[in-house]
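Letter by letter, the chains look like this.
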Amino acid sequence: QVQLVESGGGLVQAGGSLKLSCVASGGITNNHAVGWFRQAPGKEREFVATIRRSSGYTLYADSVKGRFTVSRDNAKNTVYLEMNSLTPEDTALYYCAVGSPIVSAMQRPDMYYYWGQGTQVTVSS
C-alpha cells in the first residue's frame, strides 16, 4: 500500500509560479512511475506530467510542455511539479498518483492505482 500526500498548492496571479510536492510512503519502488493529474470543476481528470522513478523518463501533456517540469528525489520519496507561467486555465485540483504503466499508457489515469487527496491550485487573472 502506497500513501501519497500532495502539498504546495495555493492562489497565484497569472504569470506566476508554484511548486507542488508529492511525498510517498509505503510500498513505492523504483518500478513505479509517479504522475500528476488535475481536475477542474465540471471537467474530467486530465494528465499533466509523469516521471519514472528508475530512469527519470518524463512525459508531459501538450498544454503544459515548456511551462511545467516534473522531477524526483528518490532518497526523499518525493516528486515535484514546478509550474511556471501559470494561466487561469491551469486552475484545478492537482493529484499525484503511482502506477506501473508502460510508456504508451503513461497518460492514462486508469494505469495509476494509488492516488493522493489533491492540492488546489487557483490562478487569478
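Structural notes, computed from the coordinates. (Residues numbered from 1 in each chain as written. Predicted model: local features only at pLDDT ≥ 70, side-chain atom pairs only at ≥ 80, totals over all residues. Heavy atoms only, no water.)

### Describing the state of the cysteines
Part 1: Counting across every chain of the model gives one disulfide.
Part 2: The side chain of Cys22 participates in a disulfide bridge whose partner is Cys96; the two sulfur atoms lie 2.1 Å from each other. One quick way to see it: the torsion about the S-S bond of Cys22 and Cys96 is about 70°, and its sign makes the bridge right-handed. Residue Cys22 is found in strand β3 (residues 18–26), and its partner Cys96 is found in strand β9 (residues 92–99); the two are separated by 74 residues along the sequence.
Part 3: The class for Cys22 is buried, based on a relative accessible area of 2%.
Part 4: Cys96 gets classed as buried once you look at its relative accessible area, which sits at 0%. (Disulfide = S-S within 2.5 Å. Helix = DSSP H or I, 4+ residues; strand = E, 2+ residues; numbered from the N terminus. Buried < 20%, exposed > 50% of the residue type's maximum accessible area, 1.4 Å probe, protein only.)

From the geometry alone we can't say anything about function, so treat these as descriptive.
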